[in-house]
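Inside the fold
Listed below are the residues making up each chain.
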Amino acid sequence: MRVVVAEDLSLLRDGLTRMFDAYGFEVVAALEDGAGLVERLVELRPDVAVLDVRLPPTFTDEGLRAAIEARRAVPGLPVLILSQYVEPLYATELLSDRSGGVGYLLKSRVGDVREFVESVRRVAGGGTAFDPEVVAQLLHPRRTGFDQLTPREREVLAVMAEGRSNAAIADRLVITEKSVSNHINSIFAKLDLPPSDEDHRRVLAVLTHLASSPPGP
Amino acid sequence: MNAVVRLLRAGWEGLFGLLLLVAAPFAMPRVRKRVRRLAGTAPTSLWRELTWLATPLGLLLAVFWLDLALAGLMGVGMPLLFALEGDGELWYQWVVVDDLAGAFFAVPVGALMLWVAWRLAPRFVRAEAWRTRRLLAPSLAERVEWLTETRSAALDASALELRRIERDLHDGAQAQLVALSLQLGMAEDMLDRDPTAARGLLLEARAGAEAAMAELRALVHGIHPPVLSERGLGGALEALAVRSGVECEVALRRRLPAPLESALYFTAVELVSNALRHSGASHIAVTVDDGVVLRVTDDGRGGARVEDGSGLRGLQRRLAPFDGVLDVSSPVGGPTVVTVELACASS
């Protein structure tokens, strides 16, 4: 699998490159700034791009903007955004084009190497990988319909919104897959969303619904 | 168009001001408060405020301007008017129009008047602003007193902030790093004797590192959220809205100096958090416009007041060094509107 890495912190960039090599990925480019990033992404068309939010020259949100633009040029180009902090607003922007293959993780998640590689693979496969912290902030109690969910349903929703499959959710919460799928059907019914089996579509459906709808009474 | 709107508003306020003048003997404090809200300035003397009310230049200029504009419109539309009432004669300014040719002659005159009105509007607005500044701007002595007061308040506030940061770092992240070091040391010790236990400690250590990072993230967010430097005040308020689940409308298109953006942002954070905690509102909204005016509204139970020792008073004190004005409208039963305006940010 071909990966492009863009990270200005050389220690982390080297570490990621080595990690990807060890796990059988091919790092086609390890970039250290945002100049020309969009062009290179479009030109190289990696299977997945792992980008830091903050890159030179301006050290603002180059990485995020490059990701969004590159996905406009190449729809569905899988991108995984890494950041020192999570800002739910950025997550909603990544979701705004409504196609899968998108992720937003805290840099510290890289510490759990196996999980991180799994997230990268999931994003490359068109799925989603959202950091539990950003999910927690998006699944805010004030959102429409959120208060109609039972505590268990909220747990299932939180894990599902990270982008996990039913099997993974069942594993994490120590319940059966059948319970997971029942809970999910109930969640979708309560949020008034059409049911969906595809992992990434349902994440997008739920997160965009919750992130964009104005808080109701 | 903006100048015209402002001129007409100045005229309207001038009219309103005259009414306030009548009410002055009966409700002095209310009147003075209103005057300051209208004029948008810091405290000044009673006589100057009354003089300002009694000389509504804006009203006179607005009336004159309206007359000019309407006359211009009439001139430009004269041929049409004449065609509609063609049998009689029409007066236009000081001339009688009694045939179609004369009617067409009025058109360029009217156009000229409209052009003059267009050019005059910003000048009239400036004249009115000049009057307000002359009458209500604080004297040098008043200004020095104000600056001394707010400067010491600003220094106190920043010293307090630094102590808070030091305490948070000491009790939070630093403590966690110490614990982390301990766990790693023990794991290193046990690695050969009891690898399973060592592994357990390593997992704990990583969890501890995560916790320390989370604390540092929260601390950084409380000092200066990254999104504020990246996206400016508008973007940061949008991010705040997403995080807190409130509505937001941002009409601010430019960047402000960093201290202003920071002050306004943290004011908004506190106002939103007040609304979330105390108002019981179902609908909270944050808006900022190009002026720059920040407004936080909610449809909750109201009753918020700026009292000594209240959070709102604290906000006012923190905004004072920026010549900021915080105004609360919160009748019991709601709705509540808190308006914040920083004089040095206004365009």
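All figures in this text were calculated on a predicted structure; none of them were measured in a lab.

**Some details on the overall build of chain A**
Secondary structure assignment for chain A yields 10 helices and six strands. Taken over the C-alpha atoms alone, chain A extends approximately 45 × 35 × 25 Å along its principal axes. Counting the 217 residues in chain A, one finds 43% classified as buried. A separation threshold of at least 6 residues defines the contact pool for chain A, and within that pool the share at least 24 residues apart is 63%.

**Points about the domain arrangement of chain A**
All names here are of chain A. Examined at the domain level, chain A breaks down into domain 1 (2-131) and domain 2 (139-212). Taken together, the contact between domain 1 and domain 2 spans 10 residues of the former and 12 residues of the latter. For the side of domain 1 that touches domain 2, the secondary structure elements donating two or more residues are helix H4 (88-95) and strand S6 (128-130). The element contributing the most residues to the side of domain 1 that touches domain 2 is S6, with three residues.

**Focus: the sheet that holds strand S3 (residues 247-250) of chain B**
All names here are of chain B. One open sheet holds the five strands; their spatial order is S3-S4-S5-S7-S6, and the pairing between them is mixed. Because the sheet does not close on itself, it has two edges, and the strands there are S3 and strand S6 (324-329). The mean angle between the axes of side-by-side strands here comes to 10°, regardless of whether they run parallel or antiparallel. With four bridges joining them, S3 and strand S4 (residues 284-289) adopt parallel strand pairing. Directly across from cysteine 248, in S4, lies its bridge partner valine 286. Against the sheet, helix H10 (residues 258-279) makes contact with S4, strand S5 (293-298) and strand S7 (336-342), and its axis sits at roughly 10° relative to S5, the strand it touches most. Where helix H11 (residues 311-319) meets the sheet, its contacts fall on S6 and S7, and the angle it forms with S6 comes to roughly 160°.

**Section: the nonpolar core**
For soluble globular proteins, nonpolar side chains are generally found buried alongside one another. Counting residues in hydrophobic clusters, the biggest one holds 97 residues, and the most contacted among them are Val50, Leu80 and Ile81 of chain A together with Ala268, Val272 and Val286 of chain B. The dominant element in this core, judged by the number of residues it contributes, is helix H9 (residues 226-244) of chain B, at nine residues. If sequence neighbours within four positions are ignored, valine 50 of chain A has contacts with Val3, Val5, Leu16, Leu80, Leu82 and Val120 of chain A. By size, the runner-up hydrophobic cluster in this structure holds 10 residues, among which are Ala62, Met113, Ala117 and Val125 of chain B.

**Considering the packing of helix H7 (residues 151-161) of chain A against helix H9 (residues 177-190) of chain A**
All names here are of chain A. Between H7 and H9, the shortest axis-to-axis distance is 10 Å and the interhelical angle comes to 95°. In terms of their interaxial angle, H7 and H9 are classed as roughly perpendicular. From H7, Arg152, Glu153, Val156, Leu157 and Met160 reach across to H9, where they touch Val180, His183, Ile184, Ser186 and Ile187. Here the contact of H7 with H9 is built from residues that sort into six nonpolar, two polar and two charged.

**Remarks on the sheet that holds strand S5 (residues 102-106) of chain A**
Residue and element names in this part refer to chain A. Spatially, six strands are ordered S2-S1-S3-S4-S5-S6 in an open sheet, and the strand pairing comes out parallel. Sheet topology places strand S2 (26-31) and S6 at the edges, where each strand pairs with a single neighbour. Sheet twist, expressed as the mean angle between neighbouring strand axes with direction ignored, is 20°. For strand S1 (residues 2-6) and S2, the ladder comprises five bridges, and the chain directions are parallel.

**With respect to the environment of leucine 312 of chain B**
Residues and elements named next belong to chain B. Tracing the sequence through the fold places leucine 312 in helix H11. For the pair formed by leucine 312 and glutamate 270, sequence separation is 42 residues and the distance between their alpha carbons is 9.1 Å. Ignoring any residue separated from it by four or fewer positions in sequence, one finds leucine 312 in contact with Ala304, Val306, Leu326 and Val328.

**Some details on the UniProt feature "domain: Histidine kinase/HSP90-like ATPase" (unreviewed entry) in chain B**
In the numbering adopted here, UniProt assigns the feature "domain: Histidine kinase/HSP90-like ATPase" (unreviewed entry) to residues 263-342 of chain B. Annotated as 32% helix and 31% strand, the span residues 263-342 of chain B places its first and last C-alpha atoms 10 Å apart.

**Quick look at the UniProt feature "transmembrane region" (unreviewed entry) in chain B**
Residue and element names in this part refer to chain B. Summarizing the sequence annotation, UniProt attributes the feature "transmembrane region" (unreviewed entry) to residues 12-29, 50-80 and 100-121 in the numbering used throughout. With 78% helix and 0% strand, the stretch residues 12-29 has end C-alpha atoms that lie 22 Å from each other. Counted over residues 50-80, helix gives 90% and strand 0%. Its end C-alpha atoms are 47 Å apart.

**Quick notes on the confidence of the model for chain B**
Put simply, chain B has an average pLDDT of 85, and 95% of its residues get 70 or more. Here the predicted complex carries an ipTM of 0.78, next to a pTM of 0.74.

**Quick word on the UniProt feature "domain: Response regulatory" (unreviewed entry) in chain A**
According to UniProt, the "domain: Response regulatory" (unreviewed entry) feature falls on residues 2-122 of chain A. With 42% helix and 21% strand, residues 2-122 of chain A has end C-alpha atoms that lie 14 Å from one another.

**Let's talk about the pairing of S7 of chain B**
Residues and elements named next belong to chain B. S7 sits mainly inside the fold: five of its seven residues count as buried. Pairing analysis gives six bridges linking S6 to S7, with the strands arranged antiparallel. What sits directly across from serine 329, in S7, is valine 337. In this structure, the hairpin formed by S6 and S7 is closed by a connection of six residues, where glycine 333 is found at a positive phi of approximately 100°.

**Remarks on the environment of arginine 48 of chain B**
Residue and element names in this part refer to chain B. Within the secondary structure, arginine 48 is located in helix H3 (residues 46-54). In the structure, arginine 48 is positioned 259 residues away from glutamate 307 in sequence and 27 Å away in space, judged by C-alpha atoms. In contact with arginine 48, other than residues within four places in its own chain, are Leu135 and Leu136.

**Digging into H10 of chain B**
All names here are of chain B. The terminal C-alpha atoms of H10 lie 30 Å apart, and with 22 residues this matches the ideal 32 Å at 1.5 Å per residue to within 8%. Every buried residue of H10 is listed here: Glu261, Ala263, Leu264, Tyr265, Thr267, Ala268, Val269, Leu271, Val272, Asn274, Ala275 and Ser279. Buried positions along H10 lie against H9, S4, S5, H11 and S7. Glycine 280 lies just past H10 and shows a positive phi near 65°.

Criteria and cut-off values
- Residues numbered from 1 in each chain as written.
- Chains lettered and ligands numbered in written order.
- Predicted model: local features only at pLDDT ≥ 70, side-chain atom pairs only at ≥ 80, totals over all residues.
- Helix = DSSP H or I, 4+ residues; strand = E, 2+ residues; numbered from the N terminus.
- Buried ≥ 20, exposed ≤ 12 C-beta atoms within 10 Å, placed from the backbone.
- Contact = placed C-beta atoms within 7 Å.
- Domains from an automatic or database assignment.
- Pairing = 2+ DSSP bridges.
- Axes fitted to C-alpha atoms, helices over the stretch in contact; angles between N-to-C directions.
- Core = buried A, V, L, I, M, F, W, Y, C linked by C-beta atoms within 7 Å.
- Parallel < 35°, antiparallel > 145°, perpendicular 65-115°, else oblique.
- Nonpolar A, V, L, I, M, F, W, Y, C, P; charged D, E, K, R; others polar.
- UniProt positions renumbered as here; feature names shortened; annotations may be inferred.
- pLDDT = per-residue confidence, 0-100.
- Expected span 1.5 Å × (residues − 1).

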